[in-house]
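What follows is the residue order along each chain.
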Amino acid sequence: MAWWKRIIGMLLVLASGLALGAIELRPGTTSVPVGSELHYLRDAGGSLGLADVLARPGTDWRRNRDGTLSRGFDSAAWWLRFDVSRRNGNPDHDLLEIAYPVLDHVEAWILQGGRVVEHYRVGDKQPFASRPVAHRYFLLPLRLDPGETYTVVLRVRTDSAMQVPLTLWNERAFFEHDQYRLIGEGLYFGSMLIMVLYNFFVFVVVRERNYLSYVMYVLSIVLFLASLNGLAFQFLWPEATQWNDEVVLLSLSGIVFFGTVFSIRFLDLVEHVPRLVPAMRALCAFALLLMGAAFLFSYGLLIRVTIVTATLACLAGLIASGVRWRQGDPTARFYTVAWSSMLLGGIILALNKFEWLPPNLFTDNAAQFGSALEVVLLSFAMAERISEEKRLRFNAQQDALESERKTRFAQAEALDAQRVANVRLEQRVQERTVALKEANARLAELSATDQLTGLKNRRHLDGLLQEEFSRCFRYGRPISLLLLDIDHFKRFNDTYGHQVGDDCLRAVADALRQAVRLQIDQVARYGGEEFCVVLPETEASGAAVVADRIREAVEAVEFFVNGQRVPVTVSVGVAAMVPAGLHDAHLLVLNTDKAHYEAKAAGRNRVQVAG
């Protein structure tokens with residue numbers, strides 16, 4: 001008898017839907033919002049099936065009165081239904097758009113005459129490739145025959161905010177309209193990435209850590225919003241369904257952490273508002289804990305805590321900037337307006353997700369509007385800070401020049417004896433300045449030189465490698481890297497002592513100097529018994545030749561201990577590439593290190609070229 005009940009239930013639901021009125025698609029219709037015609041049923045235990053809900057009387061279903069069904073953070077299963085018919089004309093291709101891409105589980109049935117004609121299962125817990133239409137939103141194809149009424153039933157369950165914006169579209173009209181939305185997304189993310197690159201290059205030039213914090217802050221915003229609107233899932237990790245939830249939590253926590261670190265440094269809070277610093281550092285620490293918790297706890301629990309933490313971080317930044325503005329910091333006014341826009345956008349987004357504000361174009365995109373305005377204003381603020389520092393330096397130089405002019409004028413009127421004394425004093429100052437410059441040059445050389453071997457040290461090598469890597473990237477030229485160490489050096493030290501070990505390191509360093517092109521190739525002590533050689537404008541084959549020459553030169557070293565010759569050999573790892581990006585330098589080092597370990601594993605006293 002169960003099948004009789006199911007048929008009767010379907011007919012009752014169909015009859016009640018027709019009594020309430022179906023959405024009617026007329027010729028020329030491009031889109032119809034479904035929200036006001038939607039009926040819903042809350043399934044607290046999530047145990048009901050399609051037959052169960054279809055058997056429910058119409059009185060159990062409640063009609064949605066808003067443009068979008070929004071129920072805040074609710075982990076219950078929600079059943080939705082509406083009726084739709086095509087008045088006349090030919091069958092057309094239609095789409096049901098669910099424009100909230102972070103819903104976990106969405107199952108849809110299209111019924112006609114009590115019979116299921118289509119069944120779809122989507123959601124961001126399903127791999128992207130399983131979607132019936134490859135799009136960042138959930139698109140369900142509909143095939144509606146004229147004169148027929150169809151019932152659409154959806155089951156939605158999610159740990160994110162329960163928002164289900166539904167729109168019926170003509171397929172062609174949807175993709176034409178979607179082009180304009182994509183242009184907006186492209187303008188937003190393109191401008192944000194331009195600001196990231198601009199401020200990163202400023203960081204590279206001025207070496208001010210605050211710019212790096214700002215770059216990471218903006219990147220976190222971009223990653224958060226790209227994940228929230230489904231672009232990241234579509235283009236970056238279409239198969240990583242679990243990571244798709246975790247990255248929302250990680251990026252939002254990153255916004256709190258990097259934004260708060262940036263605020264503390266930019267506003268000079270340690271010096272000017274020290275009482276706020278402990279609270280803001282506590283927010284940073286809590287944000288780091290939330291990053292770790294993203295991999296351990298459920299999304300539904302953590303997203304609430306993270307949103308509240310982000311709101312508190314925005315309020316703390318706004319309070320700090322207000323205090324600095326009152327103290328007379330000229331850049332604080334930019335910061336205050338920028339942070340206010342971000343805070344307002346974040347609060348509107350939070351209220352939207354908690355169902356305190358209705359979903360619409362403005363509330364759904366408030367975070368994007370606010371973040372874009374904030375990024376632009378903060379860039380102006382940092383530019384203003386640089387201009388202010390330049391102005392202060394210029395004034396100091398002008399004061400110094402004016403002071404020098406007055407001094408010279410006074411010297412011109414002084415007695416001959418005083419003028420002679422001043423001339424001698426200037427000579428001494430110049431001599432000491434020259435001596436100071438020479439001392440600074442020697443100090444710089446010493447800081448870049450390994451005292452034991454006389455080679456350049458690791459600090460100098462890092463800067464040199466990045467410089468040569470950038471140059472080879474710019475001109476499309478190859479660069480090679482050699483990494484080598486003395487075979488069995490620990491046993492050597494244990495046998496002969498560290499003093500003899502130091503002599504051995506110096507002997508190997510001398511052999512390296514003689515085996516490379518000193519005007520082009522750069523040799524450095526990498527650490528311990530390890531050495532590194534940077535070979536600009538050199539391909540893998542040429543680097544292998546140099547590496548073998550080094551190996552032979554070291555093997556030929558006449559190294560004696562207590563009158564007996566002790567053999568010294570090295571294992572050399574070689575890697576080369578034509579840089580495809582500035583970040584590939586790290587990959588070059590990793591490849592060289594891997595080849596080096598392969599050389600050691602293969603028996604030592606050999607050269608291994610990375611594959």
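As a reminder, the structure under discussion sits directly above these lines.
The structure contained in this document is the topic of the report that follows.

Quick notes on the rules
- Residues numbered from 1 in each chain as written.
- Predicted model: local features only at pLDDT ≥ 70, side-chain atom pairs only at ≥ 80, totals over all residues.
- Heavy atoms only, no water.
- Helix = DSSP H or I, 4+ residues; strand = E, 2+ residues; numbered from the N terminus.
- Expected span 1.5 Å × (residues − 1).
- Buried < 20%, exposed > 50% of the residue type's maximum accessible area, 1.4 Å probe, protein only.
- Pairing = 2+ DSSP bridges.
- Axes fitted to C-alpha atoms, helices over the stretch in contact; angles between N-to-C directions.
- Contact = heavy atoms within 4.5 Å.
- Phe/Tyr/Trp six-rings, centres within 6.5 Å; stacked < 30°, edge-to-face > 60°.
- Lys NZ or Arg CZ within 6 Å of the ring centre and 35° of its normal.
- Patch = residues over 30% accessible without salt bridge, like charges linked within 9 Å, V, L, I, M, F, W, Y side chains within 5 Å.
- Areas by Shrake-Rupley, 256 points an atom, 1.4 Å probe, with all protein chains shown as cover.
- Salt bridge = Lys/Arg side-chain N within 4 Å of Asp/Glu carboxyl O.
- Core = buried A, V, L, I, M, F, W, Y, C linked by side-chain atoms within 4.5 Å.

1. Topic: helix α6 (residues 241-266)
For α6, spanning 26 residues, the distance from its first C-alpha to its last is 37 Å, which sits close to the expected 38 Å at 1.5 Å a residue. Taken across its 26 residues, α6 has 22 buried, putting it largely inside the fold. Directly beyond the C-terminal end of α6, a positive phi value near 50 degrees is found at Asp268.

2. A look at the sheet that holds strand β20 (residues 607-609)
On the basis of which strands lie adjacent, the open sheet formed by 5 strands has the order β15-β16-β14-β19-β20 and mixed pairing. Pairing within the sheet leaves two strands with one partner each, and these edge strands are β15 (522-527) and β20. Direction aside, neighbouring strands of the sheet carry axes that sit 20 degrees apart on average. Together, β14 (479-486), β15, β16 (530-536), β19 (570-577) and β20 form the strand contacts of helix α18 (residues 584-601), whose direction differs from that of β19 by roughly 145 degrees.

3. With respect to the packing of aromatic side chains
Overall, the coordinates contain 14 aromatic pairs when judged by the stated rule. Judged by centre distance (5.2 Å) and plane angle (40 degrees), the rings of Tyr214 and Phe262 are tilted. Taken together, the positions of Tyr214 in helix α4 (residues 209-228) and Phe262 in helix α6 put the pair 48 residues apart, joining distant regions of the chain. Among the residues examined, Phe262 registers a relative accessible area of 0% and is labelled buried. Summarising the aromatic geometry, the rings of Trp237 and Trp243 are spaced 5.9 Å apart at their centres and angled 80 degrees between planes, so their arrangement reads as edge-to-face. Ring-pair connections join several aromatic residues into one group, and the members of that group are Tyr214, Tyr217, Phe262 and Phe266. A cation over an aromatic ring shows up here: Arg71 above the ring of Tyr40, its NZ or CZ 4.7 Å from the ring centre. For Arg81, the ring lying beneath its charged end belongs to Trp61, and the centroid distance is 5.0 Å.

4. Here we look at a nonpolar patch on the surface
Together, Trp243, Phe286, Leu289, Phe295, Leu296, Phe297, Leu301 and Val305 give the surface a local cluster of nonpolar side chains, amounting to about 800 Å² of exposed area. Those elements that place two or more of their residues in the nonpolar patch are α8 (277-293) and α9 (299-326). Inspection of the secondary structure assignment puts Phe297 in the loop between α8 and α9. We classify Phe297 as partly exposed; its relative accessible area is 49%.

5. Notes on the nonpolar core
Ranked by internal contacts, the top residues of the largest apolar core, which has 95 residues, are Leu80, Phe82, Leu96, Leu154, Leu166 and Leu168. Of the residues forming this core, the biggest block, 12 residues, is contributed by α6. Setting aside its immediate chain neighbours within four residues, Leu154 contacts Trp78, Trp79, Leu80, Phe82, Leu96, Ile98, Val106, Glu107, Ala108 and Leu166. Among the nonpolar cores identified, the runner-up in size contains 33 residues, and Ala511, Ile550, Phe559 and Val566 belong to it.

6. Remarks on the pattern of salt bridges
The full count for this structure, using the stated rule, is 25 salt bridges. Here Asp94 ties to Arg86 by a salt bridge, and the two come within 2.1 Å at their closest N and O atoms. Here Asp94 and Arg86 have matching classes, each one buried. Measuring nitrogen to oxygen at the nearest pair gives 3.2 Å for the salt bridge that ties Arg172 to Glu176. With Arg172 and Glu176 both in helix α3 (residues 171-206) and 4 residues apart, this pair spans about one turn of that helix.

7. Quick notes on the side chain of Asp43
Examined against the element boundaries, Asp43 turns out to sit in strand β3 (residues 39-43). For Asp43, the contacting residues outside a window of four places in its chain are Leu48, Ala76, Ala77 and Trp79.

8. A look at unusual backbone geometry
If you check the backbone angles, Glu537 has positive phi at about 55 degrees while not being a glycine. You can see Glu537 is positioned in the loop between β16 and α17 (540-555). On the accessibility criterion, Glu537 (36% relative accessible area) is partly exposed. The backbone of Asn562 shows a phi angle near 55 degrees, a positive value even though the residue is not glycine. Here Asn562 is to be found in the loop between β17 (560-561) and β18 (564-565).

9. Notes on α8
Look at α8: 24 Å from first C-alpha to last across 17 residues, which is about the 24 Å you get at 1.5 Å a residue. Of all the residues in α8, the buried ones are Val277, Met280, Leu283, Cys284, Ala287, Leu290, Met291 and Ala293. Residues of α8 that are buried in the fold lie against α6, α7 (269-272) and α9.

It is worth stressing that arrangement in space is one thing and function is another; only the former is reported here.
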